[in-house]
Number of protein chains: 2
Amino acid sequence: MKKSIITVSREFGSGGRIIGKMVAEKLGIAYYDKQIIARVAEKTGFAEDFIEKNGEYSPSKSIFAYAVVSRDRAGSSMNDYIYSVQRKIILELAEKEACVIVGRCADDILNDHNKALHVFIYGSPEEKIKKIMDTHKISEKEALKLMKATDKKRSINYNYYTDKQWGRTQNYDVCLNSSVLGYEKCADIIVNLVK
Amino acid sequence: MKKSIITVSREFGSGGRIIGKMVAEKLGIAYYDKQIIARVAEKTGFAEDFIEKNGEYSPSKSIFAYAVVSRDRAGSSMNDYIYSVQRKIILELAEKEACVIVGRCADDILNDHNKALHVFIYGSPEEKIKKIMDTHKISEKEALKLMKATDKKRSINYNYYTDKQWGRTQNYDVCLNSSVLGYEKCADIIVNLVK
């Protein structure tokens with residue numbers, strides 16, 4: 001079965017977003033990342049900033065704090081609601097057209113989609129920190145802190161909603177070390193896998 | 001830097017050995033797997049069977065049992081001795097010629113080798129069990145048991161000698177799901193990365 005949907009999960013600073021864009025451009029297909037936030041905002045009426053914070057980086061501190069603080073009496077929360085809308089949008093996108101979807105547990109949401117290829121992009125801490133320093137114009141210390149915090153939030157969110165472990169090979173079809181292979185080569189491998 | 005040494009780490013039943021052989025054939029380079037055992041046997045005087053058991057699948061039960069039972073007074077053990085000889089052979093092979101080396105912590109031993117590409121091959125439990133049943137002519141139950149036991153031994157051995165976690169993406173340059181991609185495609189990706 002030819003694959004036409006590519007989900008890209010990525011460590012912060014590994015260039016997963018850039019690689020995802022490269023793949024979409026090389027294949028001439030749609031690219032969804034922040035665009036999903038806009039769609040969730042449209043459907044829920046929440047501000048995009050709020051969605052961004054709660055759609056991929058929730059629960060914010062720990063499952064425990066999350067359960068205690070933000071769940072309502074029915075056991076559901078704002079985060080759960082945003083997640084469910086986001087999930088529906090991702091399923092609709094995958095039915096509608098060939099596309100690259102970055103982050104947002106898309107690999108799990110489209111786990112059974114027979115046209116989806118699931119990619120994980122990771123890298124060496126040193127290289128990722130360099131990239132983060134460059135992109136965000138921050139010190140090495142700040143970059144390390146931001147990297148750890150972002151990946152921690154992503155993994156807590158992913159593990160909570162998928163019951164899997166973020167970054168574990170078994171969740172993906174191919175895992176690429178962008179620090180060793182380079183962005184271009186990562187993109188080429190993915191393109192060759194779906195062409 | 002062009003890569004000419006390929007280390008292949010693999011889950012039991014994922015076809016890593018077959019993929020490694022395919023890569024060596026496609027590139028016309030040497031392939032080392034059981035051959036390393038023969039060399040260790042030659043250097044140590046131990047029987048090949050004994051090396052096989054102790055070279056990649058030790059410590060046999062747990063680090064604790066291993067430390068208590070098989071270490072001599074100097075804190076070293078038969079397993080440590082075999083590991084050190086195996087390590088030296090792998091370093092020599094990598095200096096001598098382009099080659100594919102399967103298993104035996106080669107990814108860690110050649111971690112700093114600038115011509116080495118480190119690959120991890122994994123697969124879905126269902127597909128791996130089917131392969132193991134076919135290859136070993138055993139029942140599904142036996143295949144599951146053998147798969148779990150073998151991967152457990154490999155991971156204990158790897159974690160002990162490398163201080164890393166077996167199968168964790170960060171140890172490798174590329175991780176491929178052979179159940180989804182197929183053996184041929186896995187081999188092609190690797191060949192394209194070193195060509």
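The rules behind these values
Residues numbered from 1 in each chain as written. Chains lettered and ligands numbered in written order. Predicted model: local features only at pLDDT ≥ 70, side-chain atom pairs only at ≥ 80, totals over all residues. Heavy atoms only, no water. Helix = DSSP H or I, 4+ residues; strand = E, 2+ residues; numbered from the N terminus. Buried < 20%, exposed > 50% of the residue type's maximum accessible area, 1.4 Å probe, protein only. Contact = heavy atoms within 4.5 Å. Areas by Shrake-Rupley, 256 points an atom, 1.4 Å probe, with all protein chains shown as cover. Expected span 1.5 Å × (residues − 1). Phe/Tyr/Trp six-rings, centres within 6.5 Å; stacked < 30°, edge-to-face > 60°. Patch = residues over 30% accessible without salt bridge, like charges linked within 9 Å, V, L, I, M, F, W, Y side chains within 5 Å. Salt bridge = Lys/Arg side-chain N within 4 Å of Asp/Glu carboxyl O. Buried area = accessible area lost by both parts, 1.4 Å probe. Polar contact = N/O pair within 3.5 Å; in protein donor to acceptor, adjacent residues only side chain to side chain. Pairing = 2+ DSSP bridges. Least-squares fit on C-alpha atoms with pLDDT ≥ 70 in both. Core = buried A, V, L, I, M, F, W, Y, C linked by side-chain atoms within 4.5 Å.

### Points about the overall build of chain A
Each helix and strand in chain A was counted, giving 10 helices and five strands. Considering chain A as a whole, with its 195 residues, one finds that 51% of them fall into the buried category. At a minimum sequence separation of 6, the contacts of chain A that also span at least 24 residues come to 71%. On chain A, roughly 9600 Å² of surface is accessible, and the fraction owed to carbon and sulfur atoms is 52%.

### Points about helix 8 (residues 140-162) of chain B
Residue and element names in this part refer to chain B. For helix 8, which comprises 23 residues, the first-to-last C-alpha distance of 32 Å matches the rise-based estimate of 33 Å (1.5 Å per residue) to within 8%. Within the span of helix 8, buried status applies to Ala 143, Met 147, Thr 150, Asp 151, Arg 154, Ser 155, Ile 156, Asn 157, Tyr 158, Tyr 161 and Thr 162. Among the residues trailing helix 8, Asp 163 stands out with phi positive, at a value near 60°.

### Looking at the packing of aromatic side chains
Going through the model one piece at a time under the given rule, you end up with 13 aromatic pairs over all chains. Residues Phe 46 of chain B and Phe 50 of chain B carry aromatic rings whose centres are separated by 5.1 Å and whose planes lie at 50° to one another, so their mutual orientation is tilted. Since its relative accessible area comes to 22%, Phe 46 of chain B is described here as partly exposed. Clustering of aromatic rings is evident, with ring pairs tying together Phe 120, Tyr 122, Trp 166 and Tyr 172 of chain A.

### Here we look at a nonpolar patch on the surface
A cluster of nonpolar residues, Phe 50, Met 78 and Tyr 81 of chain A, forms a patch on the protein surface that exposes about 260 Å² of accessible area. Tracing the sequence through the fold places Phe 50 of chain A in helix 3 (residues 48-55).

### Side note on the interface of chain B and chain A
It is common to report an interface's size as the accessible area lost on association of the parts. Each partner contributes residues to the interface: chain B has 21 residues there, and chain A has 21 residues. A combined buried area of about 1500 Å² lies between chain B and chain A, and 57% of that area is made up of carbon and sulfur atoms. If you sort the residues of chain B by the area they bury against chain A, Thr 169, Asp 173 and Leu 193 of chain B come out on top, with a joint share of 30%. Viewed at the interface, chain A and chain B are joined by zero salt bridges.

### Observations concerning the side chain of Asn 171 of chain A
All names here are of chain A. Among the structural elements, Asn 171 can be located in the loop between helix 8 (140-162) and strand 5 (174-177). Looking at Asn 171, the relative accessible area reads 9%, which means it is buried. Within the structure, the side chain of Asn 171 is placed 3.5 Å from the side chain of Tyr 158, a separation counted as a polar contact. Beyond its immediate chain neighbours, meaning those up to four positions away, Asn 171 contacts Asp 107, His 118, Tyr 158, Lys 164, Gln 165 and Trp 166.

### Focus on the pairing of strand 3 (residues 99-102) of chain A
Residue and element names in this part refer to chain A. Because side chains alternate across strand 3, one face comprises the buried residues Cys 99 and Ile 101, and the other comprises Val 100 and Val 102, equally buried. Pairing of strand 1 (residues 5-10) with strand 3 involves four bridges; the strand directions are parallel. The partner of Thr 7 across the bridge, within strand 3, is Ile 101. Looking at chain direction, strand 2 (residues 30-32) and strand 3 are connected through three bridges and run parallel. In the sheet register, Tyr 31 faces strand 3, and the bridge partner there is Val 100.

### A closer look at the relation of the copies chain B and chain A
Once turned by 180° and shifted 0.0 Å along the axis, chain B lies on chain A with an RMSD of 0.0 Å. Such a combination of turn and shift is consistent with a two-fold rotation axis. It is Cys 175 of chain B whose C-alpha, among those of chain B, lies nearest the rotation axis, at 2.4 Å. A share of 100% of the interface residues of chain B reappears at the interface of chain A, consistent with the copies meeting face to face through the same patch.

### Here's the deal with the nonpolar core
Membership of the largest hydrophobic core comes to 57 residues, with the highest contact counts inside it found for Ile 36, Ile 101 and Leu 110 of chain A together with Ile 36, Ile 101 and Leu 110 of chain B. Within the second largest apolar cluster, 44 residues are counted, among which are Ile 19 of chain A together with Val 102, Leu 117 and Val 174 of chain B.

### Things to note about the pattern of salt bridges
All names here are of chain A. Scanning all chains against the criterion turns up 20 salt bridges over all chains. Residue Glu 184 pairs with Lys 26 through a salt bridge whose shortest N-O separation is 2.6 Å. Residue Glu 184 is found in helix 10 (residues 183-194), and its partner Lys 26 is found in helix 1 (residues 16-27); the two are separated by 158 residues along the sequence. Relative accessible area serves as the criterion here: at 43%, Glu 184 is assigned to the partly exposed category. Residue Lys 26 is classed as partly exposed on the basis of its relative accessible area, which comes to 38%. Within the structure, one salt-bridge network assembled from shared partners comprises Arg 17, Asp 33 and Arg 104.

### A short note on the environment of Gly 45 of chain B
Considering the arrangement of structural elements, one finds Gly 45 of chain B in the loop between helix 2 (34-44) and helix 3 (48-55). With 45 residues separating them in the primary sequence, Gly 45 of chain B and Ile 90 of chain B have C-alpha atoms 18 Å apart.

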